Amino acid sequence: MGGARYPEEKLAYGMLSPMLAFVVLFIIIPVLGTFWISLHRDVTFIPGFKFVGLDNYINVLSKREFWYSLFVTVSFSLVSVGLETILGLAFALILNERMKGRGILRAIVLIPWAVPTIISARTWELMYNYSYGLFNWILNSIGLGGVNWLGSPLSAFFAVVFADVWKTTPFMTLLLLAGLQAIPGDTYEAAIIDGANMFQRFRHVTLPLLRPVLIVAVTLRTIDALRVFDVIYVLTGGGPGGATMSLSMLAFNYYNLGDYGVGSAISIITFLTVLSFTVVYLKVGRFQEGLK
Amino acid sequence: MNEKFLKKALLIIGAALMVLVCLFPFVWMIIISFTKDATFLGSPYVRFEFTLDNYRTVLSDPTLHFLDYFRNSIVIATIVTITTVMTSALGAYAVSRINFRGRLVVPIFVLGVSMFPQISLVGYLFKFIEKLGWINTYKALFFPYVAWTLPLALWMLLSYFSQLPKDLDEAAMIDGASRIQTLYKVILPLSAPALFSTALLVFIAAFNEFMFALLFTTDYRARTVPVGIALFQGVHGEVPWGNIMAASAISTIPLVILALIFQRYIVSGLTAGAIKGE
């Protein structure tokens, strides 16, 4: 029987049980619970918790607000991860070069990562301030006039994107740097002998060999960007006019209004969106093979 | 020759831009934290006038509760870190050393679960924690935080434990040590750097968390620094930016110093957590 094949199974399960207990009780059950709530009418100021089937979902899917929020969330993720990948790759290429002060540079790139998200968001909020923010001060002093950064839809969207890119680029940089360092030096030497210049080497050696890491990093960051909340909560609260309303922010607003049914339905849709990317991540990451 | 020069020029410009991009919001935070608040009023830009008033106010005004928030954050992050590292070390040891059904599934499951959006938990979790009467207690944050930080810790320790030769365990067990004894007498002492970097990342993640803390606390008893700073508003409309930036600087500088000192550990930890198999 199986017990004979794996004599220490009981011990292994015993050692795993505290970890699994935390994960099941505080992640799995809550997700299932939120799904349960999403099938009910659960509004704080209307008495009675009532099963309504998929009504909340139909309600959500028929709202323009939801589709707009989905569009905002996906655009945010694409633009944010796109910019972050370009910037992260540039930083990683710089840090991969042998040069003086590389140690200090590597430390400095970690600073945005170490600053708590809320704190960085508040600092950006101050820098975006119309009357006394850093950006308008710079624009004013070169005679361009101020921008109402958080006040108009397009600039608010990019204001949120920039704050997010600043905070998350170090992570991308570190992953890509690890990928670059795994590329053997003699591949470059061979390319140099073949007469490839700097840009050709980047295009035909670096990029193809970095591809697996690049795909994992982009998927991982996309999963993270799709659930963006903190930066938006501080900077715009989803406004103006829903221009920065991420799905998490929208669901949060419904919870805040006391409408748990609809809030939960939006949360579960967010969950399903992220879950599909998670499956891709676990597949491209080939995690199973790493365990063998 | 030409290419070498071009490359060097690109590198220097790139490095300078990188430093500027990474540093400026942080530096701006520090500058404003030392700037007199009054200069914001009716001014088209900040006129820098050095003062320590912001720090004094934040550290001494009991109505702001900053020290309460700070203490809550430190205490919660510390107990979460200890619990998470101990729990994940047990789990990582089992997965890396013991053959059992589900050995390949458990870590993938835990990793997959960590990708769920926080918002998909809070609908139910809020009601659950409210029902237990845990609002405004450390418990309300402790349990979700441990669950939330476990996957990263498990993967970091797993990638480290897998590199340690299995002969070590066998030798210890021939000498009569049990699995548990082998773990804490042989494997854990050898894993000090990995345990340390895991602890550091878990601590920073717990210190940073916002959504749970925002929902599960309503006053200074368990409210953490991020929530305190996010909800920090002036009494009369005007936002006290100097105070906010001083509170931000006090909370951020220890983390930045930790990150700078232990950057090597953090880099290896983050990459091990995200991309397996180095």
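Residues numbered from 1 in each chain as written. Chains lettered and ligands numbered in written order. Predicted model: local features only at pLDDT ≥ 70, side-chain atom pairs only at ≥ 80, totals over all residues. Heavy atoms only, no water.

S.K.: An account of the nonpolar core is needed here, citing residue identities and associated values.
M.R.: Core analysis: the largest hydrophobic core is formed by 180 residues, its most contacted members being Trp 113, Leu 176 and Tyr 281 of chain A together with Phe 216 of chain B. Setting aside anything within four residues of it in sequence, one finds Phe 216 of chain B in contact with Leu 125, Phe 126, Ile 129, Ile 135, Asn 136, Ala 140, Leu 141 and Pro 144 of chain B. (Core = buried A, V, L, I, M, F, W, Y, C linked by side-chain atoms within 4.5 Å. Buried < 20%, exposed > 50% of the residue type's maximum accessible area, 1.4 Å probe, protein only. Contact = heavy atoms within 4.5 Å.)

S.K.: If you had to explain the packing of helix α13 (residues 247-257) of chain A against helix α14 (residues 260-284) of chain A to someone new, which residues and values would you point to?
M.R.: All names here are of chain A. Orientation of α13 relative to α14, taken along the N-to-C sense of each, is 165°, at an axis distance of 7 Å. With respect to each other, α13 and α14 are oriented roughly antiparallel. The element α13 and its partner α14 pack so that their crossing is left-handed. Of the residues in α14, those touching α13 at Leu 247, Ser 248, Leu 250, Ala 251, Tyr 254 and Tyr 255 are Tyr 260, Val 262, Gly 263, Ser 264, Ile 266, Ser 267 and Thr 270. For the contact of α13 with α14, the class distribution of residues is eight nonpolar, five polar and no charged. (Axes fitted to C-alpha atoms, helices over the stretch in contact; angles between N-to-C directions. Helix = DSSP H or I, 4+ residues; strand = E, 2+ residues; numbered from the N terminus. Parallel < 35°, antiparallel > 145°, perpendicular 65-115°, else oblique. Left-handed = near helix turned anticlockwise from the far one by under 90°. Nonpolar A, V, L, I, M, F, W, Y, C, P; charged D, E, K, R; others polar.)

S.K.: Let's hear about the UniProt feature "transmembrane region" (unreviewed entry) in chain B: which residues, and what values?
M.R.: Residues and elements named next belong to chain B. The UniProt record annotates "transmembrane region" (unreviewed entry) at residues 9-34, 74-95, 104-129, 141-161, 182-207 and 241-262. Overall, residues 74-95 shows 100% helix and 0% strand. The separation of its end C-alpha atoms is 31 Å. Split by type, residues 104-129 is 77% helix and 0% strand. Its first and last C-alpha atoms lie 33 Å apart. (UniProt positions renumbered as here; feature names shortened; annotations may be inferred.)

S.K.: Can you tell me about the UniProt feature "transmembrane region" (unreviewed entry) in chain A, naming the residues and giving the values?
M.R.: Residues and elements named next belong to chain A. Per the UniProt record, "transmembrane region" (unreviewed entry) is annotated on residues 12-37, 66-95, 107-124, 232-255 and 261-282. Between the C-alpha atoms that bound residues 66-95 there is a distance of 42 Å. The span itself is 100% helix and 0% strand. From the first C-alpha to the last, residues 232-255 spans 16 Å; its make-up is 54% helix and 0% strand.

S.K.: Tell me about the pattern of salt bridges, and name the residues and values.
M.R.: Counted by the stated rule, this structure contains 14 salt bridges over all chains. As a salt-bridge pair, Glu 49 of chain B and Lys 36 of chain B come within 3.9 Å of each other at their nearest N and O atoms. Here Glu 49 of chain B, found in the loop between α1 (2-33) and α2 (53-60), pairs with Lys 36 of chain B, found in the loop between α1 and α2; they are 13 residues apart in sequence, far enough to count as distant. A relative accessible area of 40% means that Glu 49 of chain B is categorised as partly exposed. Overall, Lys 36 of chain B belongs to the partly exposed group, its relative accessible area being 33%. Taken together, the shared-partner salt bridges in this structure form one network comprising Glu 8 of chain A together with Arg 97, Asp 169 and Arg 179 of chain B. (Salt bridge = Lys/Arg side-chain N within 4 Å of Asp/Glu carboxyl O.)

S.K.: Got a sec to walk through a nonpolar patch on the surface? Specific residues and values, please.
M.R.: Residues Val 24, Leu 25 and Ile 29 of chain A together with Val 105 and Phe 109 of chain B make up a contiguous nonpolar surface patch of about 380 Å² in total accessible area. Put simply, the parts of the chain that give the nonpolar patch at least two residues each are α2 (9-38) of chain A together with α4 (105-113) of chain B. Ranked by residues supplied to the nonpolar patch, first place goes to α2 of chain A with three residues. Residue placement: Val 105 of chain B occurs in helix α4. (Patch = residues over 30% accessible without salt bridge, like charges linked within 9 Å, V, L, I, M, F, W, Y side chains within 5 Å. Areas by Shrake-Rupley, 256 points an atom, 1.4 Å probe, with all protein chains shown as cover.)

S.K.: Lay out the interface of chain A and chain B in plain terms, naming residues and giving numbers.
M.R.: With 94 residues of chain A at the contact, the number on the chain B side is 109 residues. Where chain A touches chain B, the interface holds four salt bridges. With its nearest N and O atoms 2.4 Å apart, the salt bridge here joins Glu 9 of chain A to Arg 101 of chain B. In this assembly, chain A and chain B are joined by 15 residue pairs in polar contact (both at pLDDT 80 or more). Among the elements that take part in the side of chain A that touches chain B, α2 of chain A stands out by supplying 20 residues, more than any other. Along the lines of polarity and charge, the residues of the side of chain A that touches chain B split into 67 nonpolar, 16 polar and 11 charged. (Polar contact = N/O pair within 3.5 Å; in protein donor to acceptor, adjacent residues only side chain to side chain.)

S.K.: Quick one: what's the story with helix α7 (residues 117-128) of chain A, residue by residue and with numbers?
M.R.: Residues and elements named next belong to chain A. Look at α7: 16 Å from first C-alpha to last across 12 residues, which is about the 16 Å you get at 1.5 Å a residue. When you tally the buried positions in α7, you get 12 out of 12 residues, the bulk of the element. Residues Thr 117, Ile 118, Ile 119, Ser 120, Ala 121, Arg 122, Thr 123, Trp 124, Glu 125, Leu 126, Met 127 and Tyr 128 constitute the buried set of α7. (Expected span 1.5 Å × (residues − 1).)

S.K.: Kindly report on the packing of α7 of chain A against helix α12 (residues 241-261) of chain B, identifying the contributing residues and their values.
M.R.: A packed helix pair is summarised by two numbers, namely the angle formed by the two axes and the spacing between the axes. At a minimum axis distance of 10 Å, the contact between α7 of chain A and α12 of chain B shows a crossing angle of 150°. For the crossing formed where α7 of chain A meets α12 of chain B, the hand is left-handed. Along its contact with α7 of chain A, which presents Ile 119, Arg 122, Thr 123, Glu 125 and Leu 126 of chain A, the element α12 of chain B presents Trp 241, Ile 244, Met 245, Ser 248, Ser 251 and Thr 252 of chain B. In the contact of α7 of chain A with α12 of chain B, the residues fall into five nonpolar, four polar and two charged.

S.K.: Tell me what's going on with the UniProt feature "domain: ABC transmembrane type-1" (unreviewed entry) in chain A, and back it up with residues and numbers.
M.R.: Residues annotated by UniProt as "domain: ABC transmembrane type-1" (unreviewed entry) correspond here to residues 70-281 of chain A. Between the C-alpha atoms that bound residues 70-281 of chain A the distance is 21 Å, and the span itself is 77% helix and 0% strand.

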